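Structural characterization, general
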Amino acid sequence: MQADARLERGSRVLTPQSAPSLEPDPELGPDPEEDARAKFAALHGPALRASGVPERYWGRLLHKLEHEVFDAGEMFGIMQVQEVEEEESEDEAAREARKKPNPGGQLCYKVIVTNENGLQAADPNSIFLIDHAWTCRVAHARQQLQQVPGLLHRMANLMGIEFHGELPSTEAVDLVLEEMWKFNQTYQLAHGTAEEKVPVWYIMDEFGSRIQHADVPSFATAPFFYMPQRVAYTLLWPLRDLDTGEEVTRDFAYGEADPLVRRCALLPWAPADLLDLSSSTPEPADEHYQAILEENKEKLPLAIKPVVYPCDHVFKVYTDVQQVLGHLSHPRFTFTQSEADAHILYHFSHLKDYRRLSRERPSVLLNQFPCENLLTVKDCLASVARRAGGPEGPAWLPRTFNLRTELPQFVSYFQQRERRGEDNHWICKPWNLARSLDTHITKNLHSIIRHRESSPKVVSKYIESPVLFLREDVGRVKFDIRYILLLRSVKPLTLFVYDVFWLRFSNRPFALNDLDDYEKHFTVMNYDPELVLKQMHYDEFVPEFEKQYPEFPWKSVQAEIFQAFTELFQVACARPPPLGLCDYPSSRAMYAIDLMLKWDSRPDGKRVMQPQLLEVNFNPDCERACRFHPTFFNDVFSTLYLDEPDSCPVTRLV
């Protein structure tokens, strides 16, 4: 994929564009080199500016890219450092810790200027290409280390890990996977499929990986994708003049201004104790939600009166949701290809300008609510849920931290659990991706800290004691449950749950090991044709569940689940927008909530099954619902738009 590097929300983002030909164009003048430079600037200029690369370097950069000139060896050298133990003051020790070379073994290195004339920042040639030794997505890292010839050996040497023998050993692979978070850099594609947007991690070659940290660095670096050759490099350029013998450094926490956040971001290289810091995470201030509204460019609707249609009215539905088009057959709904003629707009994507819609077409019914991102985006869900459970969150939501705004609190909480000897497995999730994409389970603090650099993420306590289901063909596996929630109105709060629920199962017996074994730790199997998809209908599941857990009748378990749903929507709708879902009379919505059950203990010692809500999905995939329950969308539309729930398999929660 062709791409240029562009910064977005603190992460390196590669934005695909069409690459024009770099052949000379006679209309631009007789100088081919000038023509090539102009086209290079047009194609890559936005990326270079976003990364802060001064324009004085662009001409020589183009030359080095075209001719693959790696001339850093003419200017720099790698020096092995012998560290000397000596007494230091505490402040000096902390300061020096931030400058220690990349750890990973006894050998330590620095990069210094070796050219006898030094290096001048004003010299147009003072920009250098750094090659990448390894590029991968995290989900494929172990497989590549095991299968790509020479990769494990090279990574072990680069990281200072002893490696003996020719065949990759599990121990060596595990060590590289643990240490790589001290060397990884990242970028991601801004466009493409959901799979293509999963962040890419790369390790610079031996030269780039030897460049050390400094709070006041002498150089800057940035990833760069050169479209004509479809190759990614790291660019290195000076921030000041350097004399012979001066060290080349970069800021490992570039862009982090807050001293406490910088201290946390540098933990992979500079250990620090944050045990005395409070890990409490109260709900964010009101301004936080206002900023989200503005960032989403969502315009709240004007106040309108609820529209009342005749009881025999036939609604014209405009939709781009194929499952609705294929399965809605109720006689009081008909499809129209004209959005202007529709009584119901059932969009696959989120609306933004509710204000205009409320002003121009207040009687048009919708399939979404203003500010529903408070439920469907994971960091907002965790924040809103604290209204029900305080700073720790409610019992029905795993303890969750926003890695963008609550990193110090998370580090403190992690270290407190570590000191108490408690389980410390965590799951890192993007704010706004589904299907377990870019989702990682780990007990490596450094990995979690570094993941926040790739895309906005939350980190949630991994459920270490899930309620398991015995699959006769496999053993005791994880499973999750999907319920469909139908929100008819915010004020008064009117909420239904579809009586049928859906199940997903892991394919391998659960254990707290092999954390990158997808089929052991995840349940989403229906998007990869190579994976086995275990199908079980809800009315088969319930008697089998009660057979396996006779002390836990499903009716009681489901009552706890429904109570969690009720509490969530009550707190999400209790405050005015943008602090809560907007009371827009023409809005209706269908959400899918995924959840698991975990073992917990009450104060009296009795073991209980505690629901754990995992995420809330807007416009969920209803393929299985439509296949096994052909009237599914008739039921949904009857409940939401006809106010006829009594004839449908739904239960009113509120």
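The protein chain is annotated in an unreviewed UniProt entry as Tubulin tyrosine ligase like 12 of Phocoena sinus.

With that settled, consider the overall build of the protein chain. Across its full length, the protein chain carries 20 helices and 28 strands. Computed over C-alpha atoms, the radius of gyration of the protein chain comes to 28 Å, within 12% of the 26 Å expected from 2.2 N^0.38 for 654 residues, which places it in the range of a compact globule. Judged by the C-alpha coordinates and their principal axes, the protein chain covers about 90 × 70 × 45 Å. Per-residue burial for the protein chain yields a buried fraction of 55% across its 654 residues. Counting contacts in the protein chain only where the partners sit at least 6 residues apart, residues at least 24 apart contribute 70% of the total. As displayed, the protein chain has an accessible area near 29900 Å², and 50% of this comes from carbon and sulfur atoms. Once the 71 positive and 96 negative side-chain charges of the protein chain are each reduced to a mean point, those two points are 6 Å apart.

Moving on, we get to the pairing of strand S13 (residues 315-319). On a regular strand, one side chain projects to one face of the sheet and the next to the other, so that they alternate. Here S13 shows a buried face lined by Phe-315, Val-317 and Thr-319 and an unburied face lined by Lys-316 and Tyr-318. Two strands pair when backbone bridges link them, and S13 and strand S14 (residues 333-335) are joined in this way by three bridges, in the parallel orientation. When the bridges of S14 are listed, Lys-316 appears paired with Thr-334. For the crossover from S13 across helix H10 (residues 322-327) to S14, the handedness is right-handed. Direction of pairing for S13 relative to strand S15 (residues 344-346): parallel, over a ladder of three bridges. Across the sheet, residue Tyr-318 finds its bridge partner in S15, namely Leu-345.

Attention now goes to the sheet that holds strand S19 (residues 440-442). Sheet architecture is open: four strands sit in the order S17-S20-S18-S19, paired in antiparallel fashion. The open sheet has two edge strands, strand S17 (400-402) and S19, and neither has a second partner. Looking at each pair of strands side by side, their axes are set apart by 25 degrees on average, direction ignored. The sheet contact formed by strand S18 (residues 426-430) and S19 spans three bridges and is antiparallel. From the neighbouring strand, Cys-428 faces S19, where its bridge partner is His-440.

Tallying each qualifying case throughout the model produces 44 aromatic pairs. Ring plane angle 70 degrees and centroid distance 5.5 Å describe the contact between Tyr-483 and Phe-565, whose orientation is recorded as edge-to-face. Of this pair, Tyr-483 sits in strand S23 (residues 479-489) while Phe-565 sits in helix H18 (residues 554-572); the two residues are 82 residues apart in sequence, bridging distant segments of the chain. There is no split in this pair, since Tyr-483 and Phe-565 are both buried. Above the face of the Tyr-109 ring, Arg-210 is positioned so that its terminal group lies 4.1 Å from the ring centre. Here Arg-387 stacks its cationic end above the ring of Tyr-289, 5.5 Å away from the centre of that ring.

The subject of this paragraph is the sheet that holds S15. In a beta sheet, neighbouring strands are held together by backbone hydrogen bonds and run either parallel or antiparallel to one another. If you walk across this open sheet you meet the four strands as S14-S13-S15-S16, and the pairing is parallel. The sheet is open, and its two borders are formed by S14 and strand S16 (365-366), each paired with just one other strand. Helix H20 (residues 632-641) contacts S13, S14, S15 and S16 of the sheet and is inclined by roughly 130 degrees relative to S15.

So, about the side chain of His-343. Among the structural elements, His-343 can be located in the loop between S14 and S15. Judged by its relative accessible area of 18%, His-343 falls in the buried class. A polar contact is formed between the side chain of His-343 and the side chain of His-313, at a distance of 3.5 Å. The residues contacting His-343, other than those within four sequence positions of it, are Tyr-309, His-313, Val-314, Phe-315, Lys-316, Ser-363, Val-364 and Leu-365.

Our focus in this paragraph is unusual backbone geometry. In this structure, Pro-492 follows Lys-491 across a cis peptide bond, with omega equal to -5 degrees. Residue position: Pro-492 is located in the loop between S23 and strand S24 (494-498). One non-glycine residue, Cys-371, lies in the positive phi region at around 70 degrees. Tracing the sequence through the fold places Cys-371 in the loop between S16 and helix H12 (373-376).

For the rest of this paragraph, the subject is the nonpolar core. Residues Tyr-483, Phe-541, Trp-554 and Phe-565 are the most contacted members of the largest nonpolar core, which totals 69 residues. For this core, the element with the most residues is H18, which contributes 10 residues. Dropping the residues within four chain positions of it, Tyr-483 is found in contact with Val-497, Tyr-498, Phe-501, Trp-554, Gln-558, Ile-561, Phe-562, Phe-565, Tyr-591, Ala-592, Ile-593 and Leu-595. The next biggest cluster of nonpolar side chains, apart from the first, holds 29 residues, and it includes Val-317, Val-321, Leu-365 and Ala-625.

Once that is clear, we can look at the pattern of salt bridges. Here the structure, examined in full by the defined rule, presents 35 salt bridges. A salt bridge links Arg-356 to Glu-360, with the shortest nitrogen-to-oxygen separation between them at 3.2 Å. With Arg-356 and Glu-360 both in helix H11 (residues 354-360) and four residues apart, this pair spans about one turn of that helix. The exposure class assigned to Arg-356 is partly exposed, which follows from its relative accessible area of 47%. Among the ionic pairs, Glu-615 bridges to Lys-378, the shortest N-O distance being 3.5 Å. Taken as a pair, Glu-615 in strand S27 (residues 607-618) and Lys-378 in helix H13 (residues 378-389) lie far apart in primary sequence, 237 residues in all. The exposure classification of Glu-615 matches that of Lys-378, with both residues buried. What you see here is one network of salt bridges that share partners, running through Glu-283, Asp-286, Arg-387 and Arg-575.

Before going further, it helps to spend a moment on the pairing of strand S10 (residues 219-226). Counting buried residues along S10, eight of its eight residues qualify, which places the element largely inside the surrounding structure. Here S10 shows no split at all, with Phe-219, Thr-221, Pro-223 and Phe-225 on one side and Ala-220, Ala-222, Phe-224 and Tyr-226 on the other all buried. The loop that links S10 with its antiparallel partner strand S11 (residues 231-238) comprises four residues; one of these, Arg-230, has a positive phi angle of about 55 degrees.

Among covalent bonds in proteins, the disulfide is the one between the sulfur atoms of two cysteines. Applying the stated criterion across every chain yields a total of zero disulfides. Cys-371 carries a free sulfur, and the closest cysteine sulfur to it, the one in Cys-582, is 6.1 Å from it. The exposure class assigned to Cys-371 is buried, which follows from its relative accessible area of 3%. Of all cysteine sulfurs, the one in Cys-264 lies closest to Cys-428, which takes part in no disulfide; the gap is 14 Å. Assessed through its relative accessible area of 1%, Cys-428 is described here as buried.

Thresholds applied
- Residues numbered from 1 in each chain as written.
- Predicted model: local features only at pLDDT ≥ 70, side-chain atom pairs only at ≥ 80, totals over all residues.
- Heavy atoms only, no water.
- Helix = DSSP H or I, 4+ residues; strand = E, 2+ residues; numbered from the N terminus.
- Rg over C-alpha atoms; globule rule 2.2 N^0.38 Å.
- Buried < 20%, exposed > 50% of the residue type's maximum accessible area, 1.4 Å probe, protein only.
- Contact = heavy atoms within 4.5 Å.
- Areas by Shrake-Rupley, 256 points an atom, 1.4 Å probe, with all protein chains shown as cover.
- Lys, Arg positive; Asp, Glu negative; His and termini not counted.
- Charge placed at Lys NZ, Arg CZ, Asp CG, Glu CD.
- Pairing = 2+ DSSP bridges.
- Right-handed = clockwise from strand over helix to strand, strands pointing away.
- Axes fitted to C-alpha atoms, helices over the stretch in contact; angles between N-to-C directions.
- Phe/Tyr/Trp six-rings, centres within 6.5 Å; stacked < 30°, edge-to-face > 60°.
- Lys NZ or Arg CZ within 6 Å of the ring centre and 35° of its normal.
- Polar contact = N/O pair within 3.5 Å; in protein donor to acceptor, adjacent residues only side chain to side chain.
- Core = buried A, V, L, I, M, F, W, Y, C linked by side-chain atoms within 4.5 Å.
- Salt bridge = Lys/Arg side-chain N within 4 Å of Asp/Glu carboxyl O.
- Disulfide = S-S within 2.5 Å.

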